[in-house]
Amino acid sequence: VEKDMSDVSLGPTPIPELSHIMIGLESCSFLEDDFIPFAVLNMMMGGGGSFSAGGPGKGMFTRLYLNVLNRHHWMYNATSYHHSYEDTGLLCIHASADPRQVREMVEIITRKFTLMAGSVGEVELDRAKTQLKSMLMMNLESRPVIFEDVGRQVLATGKRKLPHELCSLISKVQASDIRRVATKMLRSKPAVAALGDLSELPDYDQIQAALASKDGRLPRSYRLFR
């Protein structure tokens, strides 16, 4: 959606005009065994806003923080999301930057997707699994959340897995599981959404070609006249 975002945040401290892009690939439904490896992969990618406060448990050592937000100061956001439904799922990365740097931002996202199927460090995997278990247990400290968890699981699957069962499944996830589900995911067609000034946005075929390549780079375009 092409939209003038220059007047979105007016006031004494307006934020800069940004363009937003979200790229997603098919993951799996919450009924499949690969749901847990995908949840760990999503936690491993992590991310957030460039002005997020640090501190224990905030995910500052995730891939999108370490390799994107800490290295590309012009990116205002890079966050991984995993949405899972009864029939399928979607793992996506949302990013925001100045409209003039949309193409570079898209290539950074596509490269991070292709790297998901590469090597996985033992430390980062253990950290992601620990953080996922920690978030699960902390969320279930509230009685209303426990009630909601029971309702959601029973309605969706007909039964409820107890927290210790889920933690056990998370602990069993290996680096090979992450590479396997990521490789399978990269074979799917991407879903792309964008908002703002999109004059520098690569077309869909270029994004798909980048995700299908080994290094995630966008096809180079050459112009005789500029």
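- The name given to the protein in an unreviewed UniProt entry is Peptidase M16 C-terminal domain-containing protein, with Eleutherodactylus coqui as the source organism.
- The UniProt entry for the protein carries this comment under Function (unreviewed entry): "Substrate recognition and binding subunit of the essential mitochondrial processing protease (MPP), which cleaves the mitochondrial sequence off newly imported precursors proteins."

## A look at the overall build of the protein
Thinking step 1. Secondary structure assignment for the protein yields eight helices and five strands.
Thinking step 2. Mapped in sequence order, the helices and strands of the protein form the string β-α-β-α-β-β-α-α-α-α-α-β-α.
Thinking step 3. For the protein, buried positions account for 41% of its 226 residues.
Thinking step 4. The contacts in the protein between residues at least 6 apart in sequence include a share of 71% that link residues at least 24 apart.
Thinking step 5. Only carbon and sulfur atoms are counted for the fraction: they give 56% of the accessible area of the protein, which is about 13200 Å².

## Overview of the pattern of salt bridges
Thinking step 1. Inspection of every chain in the model, using the stated rule, returns nine salt bridges.
Thinking step 2. Among the salt bridges present, the one from Glu107 reaches Arg220, with a minimum N-O distance of 3.1 Å. Residue Glu107 is found in helix H3 (residues 102-115), and its partner Arg220 is found in the segment after helix H8 (204-212); the two are separated by 113 residues along the sequence.
Thinking step 3. Look at Arg220 and you get partly exposed, because its relative accessible area is 45%.
Thinking step 4. Several salt bridges converge on common partners, so that one network encompasses Glu107, Asp215, Arg217 and Arg220.

## Some remarks on the pairing of strand S1 (residues 19-26)
Thinking step 1. Of the pairings in the sheet, the one linking S1 to strand S4 (residues 89-97) comprises eight bridges and is antiparallel in character. Counterpart to Met22 in the pairing with S4 is His94.
Thinking step 2. As judged from the five bridges shared by S1 and strand S5 (residues 191-195), these two strands associate in the antiparallel manner. Of the residues in S5, the one forming a bridge with His20 is Leu195.

## With respect to the environment of Leu140
Thinking step 1. As for its position among the elements, Leu140 is in the loop between helix H4 (122-139) and helix H5 (143-157).
Thinking step 2. Here Leu140 falls in the buried class, since its relative accessible area comes to 13%.
Thinking step 3. Linking Leu140 and Pro163, residues 23 residues apart in sequence, is a C-alpha distance of 8.4 Å.
Thinking step 4. For Leu140, the residues in contact, after removing those within four places along its chain, are Val145, Ile146, Asp149, Arg160 and Pro163.

## Observations concerning the sheet that holds S5
Thinking step 1. Pairing within the open sheet is antiparallel, and its five strands lie in the order S2-S3-S4-S1-S5. At either end of the open sheet lies a strand with only one pairing partner, and these are strand S2 (47-49) and S5. Neighbour-to-neighbour, the strand axes of this sheet turn through a mean angle of 20°, independent of strand direction.

## Focus: the nonpolar core
Thinking step 1. In this structure, Leu41, Met75, Met105, Phe113 and Met116 are the most contacted members of the largest nonpolar core, which totals 49 residues.
Thinking step 2. Beyond its immediate sequence surroundings of up to four residues, Phe113 is in contact with Ile23, Leu25, Leu91, Cys92, Ile93, Met185, Leu186 and Leu211.

## Brief notes about a negative patch on the surface
Thinking step 1. A surface patch of negative charge is lined by Glu26, Glu32, Asp33, Glu86 and Asp87.
Thinking step 2. Among the secondary structure elements, Asp87 is positioned in the loop between strand S3 (75-84) and S4.
Thinking step 3. Residue class for Asp87 comes out exposed when judged on its relative accessible area of 63%.

## Details of H4
Thinking step 1. With 18 residues, H4 extends 26 Å between its outermost C-alpha atoms, agreeing within 8% with the 26 Å of an ideal straight helix rising 1.5 Å per residue.
Thinking step 2. For H4, the set of buried residues is Leu125, Ala128, Lys129, Gln131 and Leu132. Along the axis of H4, the buried positions cluster into a sector of 160°, meaning they face one direction only. Exposed and oriented more than 90 degrees from the buried face of H4 are Glu122, Val123, Thr130 and Met138.
Thinking step 3. Buried residues along H4 sit in contact with helix H1 (35-45), helix H6 (163-171) and helix H7 (175-185).

Definitions and limits used
Residues numbered from 1 in each chain as written. Predicted model: local features only at pLDDT ≥ 70, side-chain atom pairs only at ≥ 80, totals over all residues. Heavy atoms only, no water. UniProt positions renumbered as here; feature names shortened; annotations may be inferred. Helix = DSSP H or I, 4+ residues; strand = E, 2+ residues; numbered from the N terminus. Buried < 20%, exposed > 50% of the residue type's maximum accessible area, 1.4 Å probe, protein only. Contact = heavy atoms within 4.5 Å. Areas by Shrake-Rupley, 256 points an atom, 1.4 Å probe, with all protein chains shown as cover. Salt bridge = Lys/Arg side-chain N within 4 Å of Asp/Glu carboxyl O. Pairing = 2+ DSSP bridges. Axes fitted to C-alpha atoms, helices over the stretch in contact; angles between N-to-C directions. Core = buried A, V, L, I, M, F, W, Y, C linked by side-chain atoms within 4.5 Å. Patch = residues over 30% accessible without salt bridge, like charges linked within 9 Å, V, L, I, M, F, W, Y side chains within 5 Å. Lys, Arg positive; Asp, Glu negative; His and termini not counted. Charge placed at Lys NZ, Arg CZ, Asp CG, Glu CD. Expected span 1.5 Å × (residues − 1). Arc of directions from axis to C-beta.

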